[in-house]
Amino acid sequence: MMSDLVIYFSRSGENYFGGVLKNIEKGNTEVIAEYIQEFTGADLFKVEPAVEYPEDYMECIDVAKKEQQNDARPEIKESLEDISAYDTIYIGFPNWWGTLPMPMWTQLEKLDFSGKTVKPFVTHEGSGFGSSKRDLAKLCSGAEIENGLSIPGANVYDVKDTVESWIKE
Ligand SMILES: Cc1cc2nc3c(=O)[nH]c(=O)nc-3n(C[C@H](O)[C@H](O)[C@H](O)COP(=O)(O)O)c2cc1C
């Protein structure tokens, strides 16, 4: 039987919530990834950079900006090489400077998405998906990309029902 997979990136540490800096144990996107696992029984794969991003929000913003400007492919701790056992793949990430964090590019470019169904989800501080859907269309070429789910990072603990109905769409 084919099962579902969630590939996601999420950063814990210092982050902004409606203009206030807070330290969080678990990243916002990870909260959503775990709801999906609970509702679908999907396997979870977390993309983790080999070199962690700074805990400090402002420093992280800078590092991420430079990586994007350089079109970098940061090394990741572990990579997934084969997704042939899955038909539906949830892809989740925070909006970083308008699109996916670069480690997601490192991971997604290794995979063959032909014939797959992709359900993207993003957490953000106001910009929603930004240009990430266009980027995903390239990164997941051959996949059918379904309606995405966009959640403000500050709301992740209030949207479990929304996630459930989106899964069933
Ligand atoms: C490096 C960096 C860049 C970000 N850029 C944006 C942005 O361009 N637009 C936006 O709405 N939010 C931006 N954010 C806010 C995150 O998207 C938001 O806090 C998200 O929920 C974080 O998810 P996570 O906790 O799973 O990492 C940025 C955050 C970081 C750390």
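Residues numbered from 1 in each chain as written. Predicted model: local features only at pLDDT ≥ 70, side-chain atom pairs only at ≥ 80, totals over all residues.

Concerning the pairing of strand β3 (residues 20-24)
Phase 1 of the analysis: The buried fraction of β3 amounts to zero of the five residues, a small share that puts the element mostly on the outside.
Phase 2 of the analysis: Strand direction decides the pairing type here: strand β2 (residues 13-17) and β3, joined by five bridges, are antiparallel. Considered in β3, the bridge of Glu 14 is made with Asn 23.
Phase 3 of the analysis: Hairpin connection between β2 and β3: a loop of two residues separates the two successive antiparallel strands, and Gly 18 in this loop has a positive phi of roughly 50°. (Buried ≥ 20, exposed ≤ 12 C-beta atoms within 10 Å, placed from the backbone. Helix = DSSP H or I, 4+ residues; strand = E, 2+ residues; numbered from the N terminus. Pairing = 2+ DSSP bridges.)

Here we look at helix α1 (residues 28-40)
Phase 1 of the analysis: Between its first and last C-alpha atoms α1 spans 19 Å; for 13 residues at 1.5 Å apiece the expected length is 18 Å, and the two agree.
Phase 2 of the analysis: Taken residue by residue, α1 has Asn 28, Thr 29, Glu 30, Val 31, Ile 32, Ala 33, Tyr 35 and Ile 36 as its buried positions.
Phase 3 of the analysis: Residues of α1 that are buried in the fold lie against β1 (3-8), β4 (43-46), β5 (86-94), β6 (117-124), β8 (149-152) and α5 (160-168).
Phase 4 of the analysis: One or two steps after α1, the chain reaches Gly 41, where phi turns positive at roughly 75°. (Expected span 1.5 Å × (residues − 1). Contact = placed C-beta atoms within 7 Å.)

Quick word on the packing of α1 against α5
When two helices pack together, their arrangement is given by the angle between their axes and by how far apart the axes lie.
Phase 1 of the analysis: Direction vectors running N to C along α1 and α5 enclose 55°, while the axes themselves pass 10 Å from each other. In this view, α1 runs oblique relative to α5, as classed from their interaxial angle. When you trace α1 past α5, the crossing you get is right-handed. Mapping the contact onto sequence places Ile 32, Tyr 35, Ile 36, Phe 39 and Thr 40 in α1 and Lys 160, Val 163, Glu 164 and Ile 167 in α5.
Phase 2 of the analysis: Its residues assigned to classes, the contact of α1 with α5 comprises six nonpolar, one polar and two charged. (Axes fitted to C-alpha atoms, helices over the stretch in contact; angles between N-to-C directions. Parallel < 35°, antiparallel > 145°, perpendicular 65-115°, else oblique. Left-handed = near helix turned anticlockwise from the far one by under 90°. Nonpolar A, V, L, I, M, F, W, Y, C, P; charged D, E, K, R; others polar.)

Comments concerning unusual backbone geometry
Phase 1 of the analysis: In the Ramachandran plot, Asp 71 falls in the positive-phi region, its phi being about 50° despite a non-glycine side chain.
Phase 2 of the analysis: Of note, Asp 71 is situated in the loop between α2 (57-69) and β5.
Phase 3 of the analysis: Take Asp 71: there are 8 C-beta atoms within 10 Å of it, and that puts it in the exposed class.

Concerning the site of the ligand
Phase 1 of the analysis: Taken together, 22 residues lie near the ligand, and Gly 27, Thr 29, Pro 94, Thr 123 and Gly 153 sit nearest.
Phase 2 of the analysis: When grouped by side-chain class, the residues that make up the shell around the ligand number seven nonpolar, 12 polar and three charged. (Near = placed C-beta within 6 Å.)

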